[in-house]
Amino acid sequence: MKHVIAVRIRPNVVLPELELGPDRSVPISDAPDTRTSGDALWRKLAAVIRALRLDGDEVRRRLSRDPRYAAYEGLELPPGRRFVTEDEARRLVALGLADPVHAPPAA
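Residues numbered from 1 in each chain as written. Predicted model: local features only at pLDDT ≥ 70, side-chain atom pairs only at ≥ 80, totals over all residues. Heavy atoms only, no water.

Asker: Account for the packing of aromatic side chains, naming residues and giving values.
Answerer: Counted according to the given criterion, the structure contains 0 aromatic pairs. Directly above the aromatic system of F83 lies the positively charged group of R81, at a separation of 5.6 Å from the ring centroid. (Phe/Tyr/Trp six-rings, centres within 6.5 Å; stacked < 30°, edge-to-face > 60°. Lys NZ or Arg CZ within 6 Å of the ring centre and 35° of its normal.)

Asker: Can you tell me about helix α1 (residues 40-52), naming the residues and giving the values?
Answerer: An ideal rise of 1.5 Å per residue puts 18 Å on 13 residues; α1 measures up with 18 Å between its terminal C-alpha atoms. Where α1 is concerned, the buried positions are A40, W42, A46, A47 and I49. Packing partners of the buried residues in α1 comprise α2 (56-64). Residue R53 follows α1 closely and has a positive phi angle near 55°. (Helix = DSSP H or I, 4+ residues; strand = E, 2+ residues; numbered from the N terminus. Expected span 1.5 Å × (residues − 1). Buried < 20%, exposed > 50% of the residue type's maximum accessible area, 1.4 Å probe, protein only. Contact = heavy atoms within 4.5 Å.)

Asker: Run through the side chain of S25, naming residues and quoting values.
Answerer: In this fold, S25 is placed in strand β2 (residues 25-27). By relative accessible area, which is 15% here, S25 ends up buried. Polar side-chain contacts of S25 include one of 2.6 Å to the side chain of D23. In this view, S25 contacts V7, R8 and L20; residues no more than four positions away in its chain are not counted. (Polar contact = N/O pair within 3.5 Å; in protein donor to acceptor, adjacent residues only side chain to side chain.)

Pasting the structure below:
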């Protein structure tokens with residue numbers, strides 16, 4: 001996507017795994033995601049907690065009752081991703097979930 005620096009998520013779309021700017025945009029970056037697959041489950045749970053606006057402390061308390069999830073009790077909710085890859089941006093636009101944000105013309 002030539003000269004596209006971000007995508008603006010449409011108002012009727014909820015993507016809790018992303019942390020959107022005030023104008024609902026998220027920048028495109030070619031930086032690799034440094035998070036490990038080991039915390040993938042907790043990131044997904046955190047996205048659901050944010051999307052449903054649940055009380056994170058209460059969710060952790062409930063998870064702690066199950067030995068399989070007790071390790072998550074003391075963890076903080078990780079923030080949403082602050083960027084998307086170019087491929088993700090392309091797919092979001094193609095699916096009609098976002099609009100491209102073009103770089104301002106050079107002066």
